[in-house]
Amino acid sequence: MSMSFAKDAAAAVIHEALKTGRTPFGIAVALDRAGMLCTPPGLGEEPSTAERRALLLATIRSKGGEWTPRRAAREYSRLGLPGLQRATIRADFAALSRAGHLTLHETPSHRHYTRTESSR
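So, a few notes on the structure that sits alongside this text. Model, not experiment: these values are computed from the prediction. (Residues numbered from 1 in each chain as written. Predicted model: local features only at pLDDT ≥ 70, side-chain atom pairs only at ≥ 80, totals over all residues. Heavy atoms only, no water.)

**Let's talk about the overall build of the protein chain**
Piece 1. In terms of regular secondary structure, the protein chain is built from 5 helices and 2 strands.
Piece 2. Overall, the protein chain shows an N-to-C arrangement of helices and strands of α-α-α-α-α-β-β.
Piece 3. Per-residue burial for the protein chain yields a buried fraction of 30% across its 120 residues.
Piece 4. Look at the contacts in the protein chain between residues 6 or more apart in sequence, and 45% of them connect residues 24 or more apart.
Piece 5. When the accessible surface of the protein chain is split by element, carbon and sulfur atoms take 56% of a total near 7,700 Å². (Helix = DSSP H or I, 4+ residues; strand = E, 2+ residues; numbered from the N terminus. Buried < 20%, exposed > 50% of the residue type's maximum accessible area, 1.4 Å probe, protein only. Contact = heavy atoms within 4.5 Å. Areas by Shrake-Rupley, 256 points an atom, 1.4 Å probe, with all protein chains shown as cover.)

Set out below in structure tokens:
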């Protein structure tokens, strides 16, 4: 593959990722999946639990509203972390709630979280 062709192909992958609203992490994942990213050992791995929760909290702070595991799963996928288990997402919500960032709202038929006033 020529250097010019490789640059054009990588630019196309980046452009497509940006059009779909991907974050820098998501763009790196897209390039990696296309075989166009060479990462040093230790980089390109999935974020740690704390990093994943920080991503979720930042997203909740910016978008606001009611948050369910389904909504969080869509956002995690958009951020380049598809396929997280519902139990993992619930654990993330519970940890953020215990830390005082989220408030749990529960009714018999609906359970969701919102950001706390002090978490803005």
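**Structural notes on the packing of aromatic side chains**
Piece 1. Here the structure, examined in full by the defined rule, presents 1 aromatic pair.
Piece 2. Measuring from ring centre to ring centre gives 4.8 Å for F93 and Y113, while their planes differ by 20 degrees; the resulting arrangement is stacked. Here F93, found in helix α5 (residues 86-98), pairs with Y113, found in strand β2 (residues 111-115); they are 20 residues apart in sequence, far enough to count as distant.
Piece 3. According to the relative accessible area criterion, Y113 is buried, its value standing at 8%.
Piece 4. The ring of W67 is capped by R71, whose NZ or CZ atom sits 3.8 Å from the centre of that ring. (Phe/Tyr/Trp six-rings, centres within 6.5 Å; stacked < 30°, edge-to-face > 60°. Lys NZ or Arg CZ within 6 Å of the ring centre and 35° of its normal.)

**Some points on the packing of helix α4 (residues 69-78) against α5**
Any two packed helices are characterised by the angle at which their axes cross and by the distance between the axes.
Piece 1. Across the interface, α4 lies against α5 with an axial gap of 10 Å and an inter-helix angle of 100 degrees. As summarised for this structure, α4 and α5 are arranged roughly perpendicular, according to the angle between their axes. On α5, the residues that touch P69, A72, A73 and Y76 of α4 are R86, I89, R90, D92 and F93. (Axes fitted to C-alpha atoms, helices over the stretch in contact; angles between N-to-C directions. Parallel < 35°, antiparallel > 145°, perpendicular 65-115°, else oblique.)

**Considering the pairing of β2**
Piece 1. Sheet analysis places strand β1 (residues 102-106) next to β2, joined by 5 bridges and oriented antiparallel. In the strand pairing of β2, L102 is matched with R115.
Piece 2. What sits between the antiparallel neighbours β1 and β2 is a turn of 4 residues. (Pairing = 2+ DSSP bridges.)

**Some thoughts on a positive patch on the surface**
Piece 1. Residues R70, R74, R86 and R90 make up a contiguous surface patch of positive charge.
Piece 2. Elements supplying a minimum of two residues to the positive patch: α4 and α5.
Piece 3. Along the chain, the position of R90 falls in helix α5.
Piece 4. What makes R90 partly exposed here is its relative accessible area of 42%. (Patch = residues over 30% accessible without salt bridge, like charges linked within 9 Å, V, L, I, M, F, W, Y side chains within 5 Å. Salt bridge = Lys/Arg side-chain N within 4 Å of Asp/Glu carboxyl O. Lys, Arg positive; Asp, Glu negative; His and termini not counted. Charge placed at Lys NZ, Arg CZ, Asp CG, Glu CD.)

**Focus: the layout of surface pockets**
Piece 1. Of the voids in this model, the largest pocket is the one considered here, and its volume is about 210 Å³.
Piece 2. Lining the largest pocket we find T68, P69, R70, R86, R90, F93, S109, H110, R111 and Y113.
Piece 3. Where the lining of the largest pocket is concerned, the elements lending two or more residues are α4, α5 and β2.
Piece 4. The element that contributes the greatest number of residues to the lining of the largest pocket is α5, accounting for 3 residues.
Piece 5. Of the residues assigned to the lining of the largest pocket, the class counts are 3 nonpolar, 3 polar and 4 charged. (1 Å grid on protein atoms, 1.4 Å probe; cavity = no way out; pocket = protein on both sides within 12 Å on 5 of 7 lines; lining within 4 Å. Points joined across faces, edges and corners; volume = space filled by probe spheres on them. Nonpolar A, V, L, I, M, F, W, Y, C, P; charged D, E, K, R; others polar.)

Keep in mind these numbers describe shape, not what the thing actually does.
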